[in-house]
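Okay, here's what each chain looks like letter by letter:
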Amino acid sequence: MSVETGTDSTTDPTAVNDETATAASASNVGSAPSSVTMTKALNQALRDSLAADDTVLIFGEDVGRLGGVFRVTEGLRAEFGSNRVWDSPLAESGIIGTAIGMAMNGMRPVVEMQFDAYAYPAFEQIVSHVAKMRNRTKGKVSLPITIRIPYAGDIGGVEHHSDSSEAYWTSTPGLTVVTPSNPADAYSLLRESIASDDPIVFMEPKSRYWMKETLSLPVTTAAMDRAQVLRDGTDVTLLAYGPTVRTALDSAEAGAEHGLSVEVIDLRTLSPFDDETVSASVRKTSRAAVIHEAAQFGGYGAEVAARLTERNFTHLSAPILRIAGFDVPYPSPKMEEYYLPTVERVLDALESWDWEL
């Protein structure tokens, strides 16, 4: 498979995904290789899950007739009917509360929060009930709920439309938190999430919805709990996930021009964490940095740096770095280019080390 690098944040999300309306029905035979956007991959994963299991249901704000703000659910209501795919009221806590009841009675709801910050009204339901039900019932009741959250910035979104809220969910025991960075993983990880008996927070990087990859659907990638080494290197390990994986790969290319050998790892699943794969890389390179869009203070990178230091302290030649968003609320569209981690910021951070050590 091949990837077309980069994205066009100015692309009209209502126009680029007409291909989803004619996507092939679920089949055990893969389609011919074609250029697939992440949106199409997610759409096909939902379609195939609906076709494979009658207990799978999809609901949320505007996911039915409209097909979602980003057209991820386009065509599904028409194909499977309003009893399987429907529009909910504008009440996120009600969406999750309804999903809890359905999951307790044998269904597999897939719900969409529409935008990252829209999930906050449902925070209590997710943290107090979705994450704790299995433990509260001593394993007797599971909640196979997949909570889809389009997240992060770089699309020119206004306030409440560009948050990176992953640290809230990863700090909640009982939740598995997944974020794909490419179309193939988007398809495979979403299918695996929906089939899981545990609740999954499935975070979709909005700026990568229009990323294209040549592949055949259906596709199976690495298991959900495994990080992936995307580029081998010997000098430093760059850890990234979701929208910043492209930034890490571009940084590795730029670093190579200056003689720096950079290993890039896509974490894929943020919780649980794949200590084995990441520690093996860090022990090889002896240096590491983690990139994310969320603010640095208390961000996900702090946990990554702490656990890698605890497990690999004697193998490290330098402190683990964090290249992140600034400790301010997400800025207006005109300012977000100054907020987001860039290749230049990554390379500046790596140059701050004493490479003689």
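What you are looking at is a predicted structure, and each value in this text was computed from that prediction instead of being measured.

> Give me the lowdown on the sheet that holds strand β4 (residues 85-87), citing residues and values where you can.
Taken in spatial order, the seven strands make up an open sheet running β4-β3-β5-β6-β8-β7-β13, and their pairing is mixed. The strands lining the two open edges of the sheet, one partner per strand, are β4 and β13 (269-271). This sheet shows a mean twist of 20° between the axes of neighbouring strands, independent of strand direction. Looking at chain direction, strand β3 (residues 56-60) and β4 are connected through three bridges and run parallel. Note on β4: the bridge partner recorded for Gly60 is Asp87.

> An account of helix α8 (residues 244-256) is requested, with residue identities and associated values reported.
With 13 residues, α8 should reach 18 Å at 1.5 Å per residue; the first-to-last C-alpha distance of 18 Å fits that figure. Within α8, 10 of the 13 residues are buried, which leaves the element mostly enclosed by the surrounding structure. All buried positions along α8 are accounted for by Thr244, Val245, Arg246, Thr247, Ala248, Leu249, Ser251, Ala252, Ala254 and Gly255. Here the buried face of α8 lies against β10 (228-231), β11 (236-240), β12 (262-266), β14 (288-295) and α12 (343-351).

> I'd love a proper account of the nonpolar core, names of residues and values included.
Judged by nonpolar contacts, the single largest core of 43 residues is most densely connected at Ile96, Met113, Trp169, Leu267 and Val278. Sorting the residues of this core by element identifies α3 (92-104), α4 (123-130), β6 (146-151), β8 (200-205), α9 (275-285), β14 and α10 (300-312) as the ones contributing at least two each. For this core, the element with the highest residue contribution is α3, accounting for five residues. With residues up to four places along the chain from it excluded, the contact list for Met113 reads Glu92, Ile95, Ile96, Tyr118, Ala119, Ala122, Ile147, Arg148 and Ile149.

> Report on the sheet that holds β10, specifying residues and quantitative values.
Taken together, the five strands give an open sheet; going across it, the order is β10-β12-β11-β14-β15, and neighbouring strands pair in mixed fashion. Both outer strands of the open sheet, β10 and β15 (321-325), are each paired with one neighbouring strand and no more. Adjacent strand axes in the sheet meet at a mean angle of 25°, parallel and antiparallel pairs treated alike. Across four bridges, β14 lies against β15 in parallel orientation. Residue pairing across strands places Ile291 opposite Ile323, the latter belonging to β15. In the packing of α8 onto the sheet, the strands contacted are β10, β11, β12 and β14, and the crossing angle to β10 comes to about 40°.

> Requested: an account of the confidence of the model for the protein, with residues and values cited.
Per-residue pLDDT for the protein averages 91, and the proportion of residues at 70 or more is 91%. The low-confidence segment residues 1-28 (pLDDT under 50) makes 59 contacts with residues lying over four places distant or belonging to another chain.

> Tell me what's going on with the pattern of salt bridges, and back it up with residues and numbers.
Tallied over the entire structure, the rule returns 19 salt bridges. The partner of Asp53 in a salt bridge is Arg108, with the nearest N and O atoms 3.8 Å apart. With a gap of 55 residues between them, Asp53 in the loop between α1 (38-52) and β3 and Arg108 in strand β5 (residues 108-112) connect regions that are remote in the sequence. For Asp53, a relative accessible area of 26% gives the class partly exposed.

Rules and cut-offs
Residues numbered from 1 in each chain as written. Predicted model: local features only at pLDDT ≥ 70, side-chain atom pairs only at ≥ 80, totals over all residues. Heavy atoms only, no water. Pairing = 2+ DSSP bridges. Helix = DSSP H or I, 4+ residues; strand = E, 2+ residues; numbered from the N terminus. Axes fitted to C-alpha atoms, helices over the stretch in contact; angles between N-to-C directions. Expected span 1.5 Å × (residues − 1). Buried < 20%, exposed > 50% of the residue type's maximum accessible area, 1.4 Å probe, protein only. Contact = heavy atoms within 4.5 Å. Core = buried A, V, L, I, M, F, W, Y, C linked by side-chain atoms within 4.5 Å. pLDDT = per-residue confidence, 0-100. Salt bridge = Lys/Arg side-chain N within 4 Å of Asp/Glu carboxyl O.

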